[in-house]
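Spelled out from the first residue to the last, the chains are:
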2 protein chains.
Amino acid sequence: MADEQAKEVQARSVGTEAREQAPGSRDEILRAAMTLFANRGFHETSMSEVAREARVSKALIFWHFKTKEELFIAVLNRLLEPYFIDFAEELSALDEREQILRLVEMYLLFVRDNANSVRFFLAQLLHDEHRGESGLGSQVMQLYEGYRGLLTSLIAQAQQRGLCVHGYSSEGAAAFLLSALNGFLIEFLFMGRPALDPQHALAMVREWLFGETKQGNPDGGQAVA
Amino acid sequence: MADEQAKEVQARSVGTEAREQAPGSRDEILRAAMTLFANRGFHETSMSEVAREARVSKALIFWHFKTKEELFIAVLNRLLEPYFIDFAEELSALDEREQILRLVEMYLLFVRDNANSVRFFLAQLLHDEHRGESGLGSQVMQLYEGYRGLLTSLIAQAQQRGLCVHGYSSEGAAAFLLSALNGFLIEFLFMGRPALDPQHALAMVREWLFGETKQGNPDGGQAVA
DNA sequence: CTCTCTATTGACCGCATGGTTAGGGAATTG
DNA sequence: CAATTCCCTAACCATGCGGTCAATAGAGAG
């Protein structure tokens, strides 16, 4: 209950037109909505709940955001931010083999560290028919295809240099690799148990793609029977 | 539109107590609810919609099913039926290598043919926290773990007989294989494009697991570069 | 014909929801 | 100070929801 009433002077500085960066109620609302939407979904979250969670009147939410949908897409965009990573800078210095492995690792680590929002977007994509249409689906697909394209071209280069021993087409290999990664993702998201930690997964990918066998212990973790 | 009004005499035969098998309104309601729940989810589907879709009064639904939740779990159970397949009979006659491949193929074909319900269960598992608890989650997990266990033991046998060239632990190999399969599933469910048809996927699995290269054309479909 | 049991309905209820409105207080501006 | 603008609220409204109820039709049993 503790209605601590932290009024928080709310940093004017509005000055000329810099109406960004007001750490006031708007952000509080966004944060509340983010958690609620993520944990319960859109229809299962009421505006009153958001209001309560943000310690703000419901009407204020409708002052900041015209409708519930508008609040929702605002939350979407904010959640989407960390998905835009600049691969180029980090990869440019490595050779193809290392680039591929780093790319894979980044995928795995990202999923591990952003499990909540990944789960959220997955659920969103699943039952909105917005797939294909302009909207969330297209944005996510764009990111995904970008990643796949990068992976494909890297594999093609590696194949040309003979680093990559397999006889697949680069597209086929990339598709298979991505499938494996998505499989890790599912396993990670659904069974809380991280049956395959990123490092182990990465090792298996390395062996599959480059024929390298991790020297030392080849056991994976869940050796049970 | 065509409200064909197929009244369908509705087959009494109630006789003594066989109250199963009445292809009447109850089934119509279940069918309507199935599609609606699958396409929109639980909270987004109203009982009035179900009633309209089933061409039945709302009150009748509440006569057949006490609450909305009860209708929902009835739908769940009906959707879950095709998931119970008896692997044993079909696999017993083959050697390990063929058993594994057949198992994989069954997985892929099943996902392809039951995409809708798979999508539905996935969505359900995603944002209900019922994961782990008794309920849908546990049932699905049980099926999944059964499949994984079967796969693991088969791979172990194949490894003992030297059919399986890789140095993974059987658990690790099964986990990797399942991840790849789940990846196919994701790719298939989300991008409508079947970037990897079951046959192609199966071929890649075969090559990975047994080192066999499909004799003849090694292209899978999207051979481009 | 009447009694009963199953199947079905339209009308209704209380409630929570998304959204609105009228207004109040504080700061900025003239 | 008065006017304006921004931020914020309590109270309200219309709608649609899950769910109930009394009534009823129809088919068999006696």
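Conventions used here
Residues numbered from 1 in each chain as written. Chains lettered and ligands numbered in written order. Predicted model: local features only at pLDDT ≥ 70, side-chain atom pairs only at ≥ 80, totals over all residues. Heavy atoms only, no water. Domains from an automatic or database assignment. Contact = heavy atoms within 4.5 Å. Salt bridge = Lys/Arg side-chain N within 4 Å of Asp/Glu carboxyl O. Polar contact = N/O pair within 3.5 Å; in protein donor to acceptor, adjacent residues only side chain to side chain. Helix = DSSP H or I, 4+ residues; strand = E, 2+ residues; numbered from the N terminus. Least-squares fit on C-alpha atoms with pLDDT ≥ 70 in both. Near = heavy atom within 4 Å. Nonpolar A, V, L, I, M, F, W, Y, C, P; charged D, E, K, R; others polar.

Residues and elements named next belong to chain A. Taken domain by domain, chain A comprises domain 1 (25-80) and domain 2 (84-210). For domain 1 and domain 2, the distance between their C-alpha centroids amounts to 31 Å. Counting residues at the interface gives seven residues for domain 1, matched by seven residues for domain 2. Linking domain 1 with domain 2 are zero salt bridges, by the criterion used here. Linking domain 1 to domain 2 there are zero residue pairs in polar contact (both at pLDDT 80 or more). Elements represented by at least two residues in the side of domain 1 that touches domain 2 include exactly helix H1 (25-40) and helix H4 (68-80). Per-element accounting of the side of domain 1 that touches domain 2 gives the leading share, five residues, to H4.

This part takes up the relation of the copies chain B and chain A. Mapping chain B onto chain A is achieved by rotating through 179 degrees and translating by 0.1 Å along the same axis, at an RMSD of 0.2 Å. In symmetry terms, the pair is related by a two-fold rotation axis. Most of the interface of chain B is mirrored in chain A: 95% of its interface residues are interface residues there too.

In the vicinity of DNA strand C, 17 residues are found, and the nearest of them are Met47, Lys58 and Lys68 of chain A together with Ser25 and Trp63 of chain B. Here a phosphate oxygen of DNA strand C and a backbone polar atom of Thr45 of chain A are 3.4 Å apart. Ser25 of chain B has a polar side-chain atom sitting 2.4 Å from a phosphate oxygen of DNA strand C. Of all elements in the fold, only helix H3 (58-64) of chain A together with helix H3 (58-64) of chain B reach the threshold of two or more residues within the surface near DNA strand C. For the surface near DNA strand C, a count of residues per class yields seven nonpolar, seven polar and three charged.

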